[in-house]
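Structural description and commentary
Okay, here's what each chain looks like letter by letter:
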Amino acid sequence: MQSNWKSLESHKNCYFAGAIPSSLSNLKALDYFDLHSNNLSGAIPSSLSNLKALDYFDLHSNNLSGAIPSSLSNLKDLTHIDLSYNNLEGSIPTSIGNVTEVTQFFIQSNNLIGQIPSSLSNLKDLTQIDLSYNNFEGTLKVMSTLFSTKSQKRL
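Residues numbered from 1 in each chain as written. Predicted model: local features only at pLDDT ≥ 70, side-chain atom pairs only at ≥ 80, totals over all residues. Heavy atoms only, no water.

Applying the stated rule across the entire model yields 2 aromatic pairs. For the ring pair Tyr-32 and Tyr-56, a centre distance of 4.4 Å and an interplane angle of 10° mean the geometry is stacked. Within this pair, whereas Tyr-32 is found in strand S3 (residues 32-34), its partner Tyr-56 is found in strand S5 (residues 56-58), the two being separated by 24 residues in sequence. The partly exposed category is assigned to Tyr-32, whose relative accessible area is 24%. A residue is classified by how much of its surface remains accessible, and Tyr-56, at 18% relative accessible area, is buried. A centroid spacing of 5.3 Å and a plane angle of 45° characterise the contact between Phe-33 and Phe-57, whose relative ring orientation is tilted. A residue pair is termed long-range when its members are at least 10 positions apart, and Phe-33 in strand S3 and Phe-57 in strand S5 qualify at 24 residues. Of the two residues, Phe-33 and Phe-57, neither departs from the other in class, the shared state being buried. (Phe/Tyr/Trp six-rings, centres within 6.5 Å; stacked < 30°, edge-to-face > 60°. Helix = DSSP H or I, 4+ residues; strand = E, 2+ residues; numbered from the N terminus. Buried < 20%, exposed > 50% of the residue type's maximum accessible area, 1.4 Å probe, protein only.)

Keep in mind that these numbers describe shape and distance, not what the molecule does.
Structure follows, in structure tokens:
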């Protein structure tokens, strides 16, 4: 695989199916990863955390399962994360609060559970977040620092 690719984009009528190949982590220069609206299944490979230049990460509207990999927190330049409309399970990794450049975080319509981690309050540049249609519990006190007039939030 060519390691000088900057963008991987395939959606709308491509109908890719099956697991995301862990070999995609060899595309070290990749800064744009968008495989939304396909029929991808299985877990999100933790090896994708090797894509250190990644800025945009979108896998919404697939058939992905398993947990959100905590290794995503190694991608310090991410500004956009969209994992919505999948079958992801488990809780939001607390380490996601270490990806402090994130401006858009979408994980709605999955099977996520547990508390919303207080580490999300570290995402000071967040302008859009959607956590709806999951099974979270507890209070939203930890989210109070995220609410501002410049932001669109949907919990």
